[in-house]
Amino acid sequence: MAVKDSPTSWVNEHIQKYVETDGAEGHEWRPGVFTLLLTTKGRKSGELRRTALIYQPDGDNYVVVASQGGAPTHPSWYLNLQADDEAEVQVGADKFRARARTAGPDERDRLWKLMNEVWPAYSDYQKKTDREIPVVVLERI
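Residues numbered from 1 in each chain as written. Predicted model: local features only at pLDDT ≥ 70, side-chain atom pairs only at ≥ 80, totals over all residues. Heavy atoms only, no water.

Novice: How should I be thinking about the packing of aromatic side chains in this particular structure?
Specialist: The geometry of an aromatic ring pair comes down to the distance between the two centres and the angle between the two planes. This model, assessed by the stated rule, comprises 6 aromatic pairs. A ring pair is formed by Trp29 and Trp119, whose centres lie 5.4 Å apart and whose planes are at 45°; its orientation type is tilted. In this pair, Trp29 is assigned in strand β2 (residues 28-30) and Trp119 in the loop between α3 (105-118) and α4 (121-127), connecting sequence segments 90 residues apart. Take Trp29: its relative accessible area is 25%, and that puts it in the partly exposed class. Judged by its relative accessible area of 15%, Trp119 falls in the buried class. An angle of 90° between the planes, with centres 6.2 Å apart, marks the rings of Trp77 and Tyr78 as edge-to-face. Comparing Trp77 with Tyr78 shows no difference in burial state: the two are buried. Joined through ring pairs, the aromatic side chains of Tyr55, Tyr62 and Phe96 make up one cluster. (Phe/Tyr/Trp six-rings, centres within 6.5 Å; stacked < 30°, edge-to-face > 60°. Helix = DSSP H or I, 4+ residues; strand = E, 2+ residues; numbered from the N terminus. Buried < 20%, exposed > 50% of the residue type's maximum accessible area, 1.4 Å probe, protein only.)

Shown next, in the form of structure tokens:
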């Protein structure tokens, strides 16, 4: 099944570079800021959808944030994971299946701080929206 990348041109270029170089280019998006590729199954279309997300490791897991820049709605990839919690993940050259879950209240604060250390704009995004921005844990399966 073909994978559809982001419709945003610069994101699509980033993803294509990441895929073509097996993560050699694109994994480190900006100095000290690393991205992974997340492929979900579209909850309506059933098509595979791929996006690049800033991440931080947390033990054996990877943490991402469903910020969508502080938009009033959750990003499509997060809604897709709510419908089907399994996804394909690529971190650099490492490719694996993962199960996603939204961080619970007991761990969210710690993980939110972890993600804000690498991308402080998340706090600004939270101020722009009434929704609590989900923190997502990707567990290798």
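Novice: In this structure, what is going on with the pattern of salt bridges? I would like to understand it.
Specialist: Counting across every chain of the model gives 11 salt bridges. The shortest N-O distance in the salt bridge between Arg99 and Glu86 comes to 2.8 Å. Residue Arg99 is located in strand β8 (residues 94-102), and its partner Glu86 is located in strand β7 (residues 86-91); the two are separated by 13 residues in the primary sequence. Relative accessible area serves as the criterion here: at 26%, Glu86 is assigned to the partly exposed category. In this structure, Glu88 and Arg97 form a salt bridge, with 2.7 Å as the shortest nitrogen-oxygen distance. (Salt bridge = Lys/Arg side-chain N within 4 Å of Asp/Glu carboxyl O.)

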